[in-house]
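A closer look at the structure
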Amino acid sequence: MKAALVGTDGTLLHEARRATGRKRGADAVVETILAFAADLRAHGEEHFGESAVAAGVAVPGIVDAEKGIAVYSANLSWRDVPMRALLGQRLGGIPVALGHDVRTGGLAEGRIGAGRGADRFLFVPLGTGIAGAIGIAGRIEAGAHGYAGEIGHIVVRPEGPDCGCGQRGCLETLASASAVTRAWAAASGDPEADAADCAKAVESGDPAAIAVWRDAVDALAAGLVTALTLLDPSALIIGGGLAEAGETLFTPLRAAVEERVTFQKLPHIVPAALGDNAGCLGAGLLAWDLLATEVSA
């Protein structure tokens, strides 16, 4: 878990990290979150002379932001956790905002990161899986049921690998950091090899690595073109572990997307700017937005 104290202008004032302890079960994870938040608030009081006036928390899985409920997370094994209410109680009744982790990271990238100034953008982190955050006029579109932006489950290769969602050939089975890790471990014969190793091998000219990388980039480009056909963003912001390969990813990706577009307008394809602080900063922005909404109401 990553946490931060965030100023009114989005400045990161203090950052801390703590293990989720998920092996101890869902209840233990929730208690760890609550204790972490309380400790962070105490740090603010001690070092900045005042208490946090609101809190924001971003969690993975299915989130009902309006009701403040963490509905489901396979990785954290929880269901229907009233996160907003629990945090509010632990933090003395201050306002609490709850958000989805990727959409919250996208909010930060759009407002104070790589998407600053872009009225329409799509934020796509390439990590264990692939998700997306749709930015529109300074807000993140959650969709009618909270599922908007799930670009990782666009089918790009109908005869491709089975996906945990029940489909075959989903984008995240082919172009996530995990997918590249699996493909490169098989191609290299090294079960310990990962996506970062593949990128290094590409840079050194290894033909097998280049083939693995090309397959992933082609799949990613196909998924992104589908997304930009639907959304017409001015910027595509790519983050996550795979984006750390820099131009080893971005140069062929820009070319592959450009090859596929016909009538569509080509957006700027840029790396995320905030790294793994995006979620913390986005949670802070959610909290400030909540306060602004309460004041205006």
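Residues numbered from 1 in each chain as written. Predicted model: local features only at pLDDT ≥ 70, side-chain atom pairs only at ≥ 80, totals over all residues. Heavy atoms only, no water.

**A short note on the side chain of Q264**
For the record, the criterion: Secondary structure follows DSSP: runs of H or I at least 4 residues long count as helices, runs of E at least 2 residues long count as strands, and numbering of each begins at the N terminus. Throughout, exposure labels follow a simple rule: accessible area from a 1.4 Å probe, protein chains only, divided by the maximum for the residue type, with under 20% read as buried, over 50% as exposed, and the rest as partly exposed. Counted as a polar contact is a pair of N or O atoms within 3.5 Å, where, for protein atoms, one must be capable of donating a hydrogen and the other of accepting one, and residues adjacent in sequence contribute only when both atoms are in side chains. Here, residues are in contact when the closest pair of their heavy atoms is within 4.5 Å.
In this structure, Q264 sits in the loop between α8 (247-260) and β12 (268-271). Looking at Q264, the relative accessible area reads 13%, which means it is buried. Polar contacts involving the side chain of Q264 include one to the side chain of T229, which spans 2.9 Å. Setting aside anything within four residues of it in sequence, one finds Q264 in contact with V225, L228 and T229.

**Some words on the confidence of the model for the protein chain**
As a reminder of what qualifies: Values of pLDDT, which run from 0 to 100, indicate the predictor's confidence residue by residue.
Averaged over every residue, the pLDDT of the protein chain is 93; the share at 70 or more is 99%. At the low end of the mean pLDDT range in the protein chain sits helix α9 (residues 278-296), at 85; at the high end sits α8, at 98.

**Focus on the pairing of β12**
Defined as follows: Should DSSP find at least two bridges between two strands, the strands are regarded as paired.
Alignment of strand β11 (residues 235-239) against β12, held across four bridges, turns out to be parallel. Residue pairing in the sheet places L236 in a bridge with I269 of β12.

**Some words on the sheet that holds strand β6 (residues 78-81)**
Our working rule: Lines fitted to C-alpha atoms define the axes, with helix axes restricted to the stretch in contact, and inter-axis angles between N-to-C directions lie between 0 and 180 degrees.
Pairing within the open sheet is antiparallel, and its three strands lie in the order β4-β5-β6. Lying at the two open borders of the sheet, with one neighbouring strand each, are β4 (62-64) and β6. Taking each pair of neighbouring strands and ignoring which way they run, the sheet shows an average axis angle of 15 degrees. For β4 and strand β5 (residues 69-73), the ladder comprises three bridges, and the chain directions are antiparallel. Residue pairing across strands places D64 opposite I69, the latter belonging to β5.

**A short note on the nonpolar core**
Applied cut-off: Only buried Ala, Val, Leu, Ile, Met, Phe, Trp, Tyr and Cys residues count toward a nonpolar core, and they belong to the same one when joined by side-chain atoms within 4.5 Å.
With 44 residues, the main nonpolar core has W213, L224, I238, L249, L253 and V257 as its most contacted residues. Contributing elements (two or more residues each) for this core: β8 (120-125), α5 (177-188), α6 (195-203), α7 (207-231), β11 and α8. Residue contributions to this core peak at 13 residues, all from α7. Discounting chain neighbours no more than four positions away, the residues touching L253 are V217, L220, A221, L224, I238 and I269.

**Regarding the environment of E46**
Tracing the sequence through the fold places E46 in helix α1 (residues 26-48). For E46, a relative accessible area of 64% corresponds to the exposed category.

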